[in-house]
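Overview (structure and organization)
These are the residues of each chain, in order.
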Amino acid sequence: MSIRKLLSIGVLLLLLSGCSSDDDNDAVNSLSLIGEWEASHQSKNPNDADTADMWQYTFNPDGTGTGPYATKSFRYEINGSRITLNLLNIESYYGQTVYEYDIVSFSKDRMEWDEVPDKHWGGKGKYLKFYRK
């Protein structure tokens, strides 16, 4: 077999292996986030009791959204795998008006967030697993 054929086969194999589907690592952008999301779990430990059903978010195409409690109305930004919620027209608990989350995994119907620790919560943040409603 000639070198040219071997190289062609090698390139083809590399291309095919790069096309495999990995649902937990889809690209996160404002278009893929649009819609209603409800948390299914609020802890990294699946044995912990939690109140995940209280955490529901809606992301609108115009970069705004709604959520529970202090995050009732917000403008959101996505930068890489970090989402920032800037609260609108509200003075939040502890004066916090920005919430940041690292998106741990994302697919068209599942998402996991890990809150960036905040000084008000002693370095603890919420870890939420969502499904699209």
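Preceding this section is the structure that the text describes.
Bear in mind that the values here come from a model prediction, so they are computed numbers and not experimental data.

To continue, consider the environment of serine 73. Within the element layout of this structure, serine 73 appears in strand β4 (residues 73–79). In this structure the C-alpha to C-alpha distance between serine 73 and asparagine 86, which are 13 residues apart in sequence, comes to 8.5 Å. Not counting residues within four places of it along the chain, the set of residues in contact with serine 73 comprises Gly65, Asn86, Leu87 and Leu88.

Pairs of aromatic rings are described using the distance from one ring centre to the other and the angle between the two planes. For the structure shown, the criterion picks out 10 aromatic pairs. Considering the side-chain rings of phenylalanine 59 and tyrosine 76, the 5.0 Å spacing of their centres and the 90° angle between planes classify their relative orientation as edge-to-face. Note that phenylalanine 59 is positioned in strand β2 (residues 56–59) and tyrosine 76 in strand β4, a separation of 17 residues in sequence. Judged by relative accessible area, tyrosine 76 falls into the buried class, the value being 6%. An aromatic cluster of at least three residues, connected via ring pairs, comprises Tyr57, Phe59, Phe74, Tyr76, Tyr101, Trp113 and Phe130.

A few words on the pattern of salt bridges. Pairs can form between side chains of opposite charge whenever their charged atoms are close. A full pass over the atoms with the stated rule returns 3 salt bridges. A salt bridge links glutamate 36 to lysine 133; the nearest nitrogen and oxygen atoms lie 4.0 Å apart. Here glutamate 36, found in strand β1 (residues 35–41), pairs with lysine 133, found in the segment after β8 (127–132); they are 97 residues apart in sequence, far enough to count as distant. Close ionic contact of glutamate 38 with lysine 133 constitutes a salt bridge, the shortest N to O distance being 3.6 Å. Remark: lysine 133 occurs in the segment after β8 and glutamate 38 occurs in strand β1; sequence separation between them is 95 residues. Salt bridges here are not isolated pairs; linked through shared partners, they connect Glu36, Glu38 and Lys133.

Calculation notes
- Residues numbered from 1 in each chain as written.
- Predicted model: local features only at pLDDT ≥ 70, side-chain atom pairs only at ≥ 80, totals over all residues.
- Heavy atoms only, no water.
- Helix = DSSP H or I, 4+ residues; strand = E, 2+ residues; numbered from the N terminus.
- Contact = heavy atoms within 4.5 Å.
- Phe/Tyr/Trp six-rings, centres within 6.5 Å; stacked < 30°, edge-to-face > 60°.
- Buried < 20%, exposed > 50% of the residue type's maximum accessible area, 1.4 Å probe, protein only.
- Salt bridge = Lys/Arg side-chain N within 4 Å of Asp/Glu carboxyl O.

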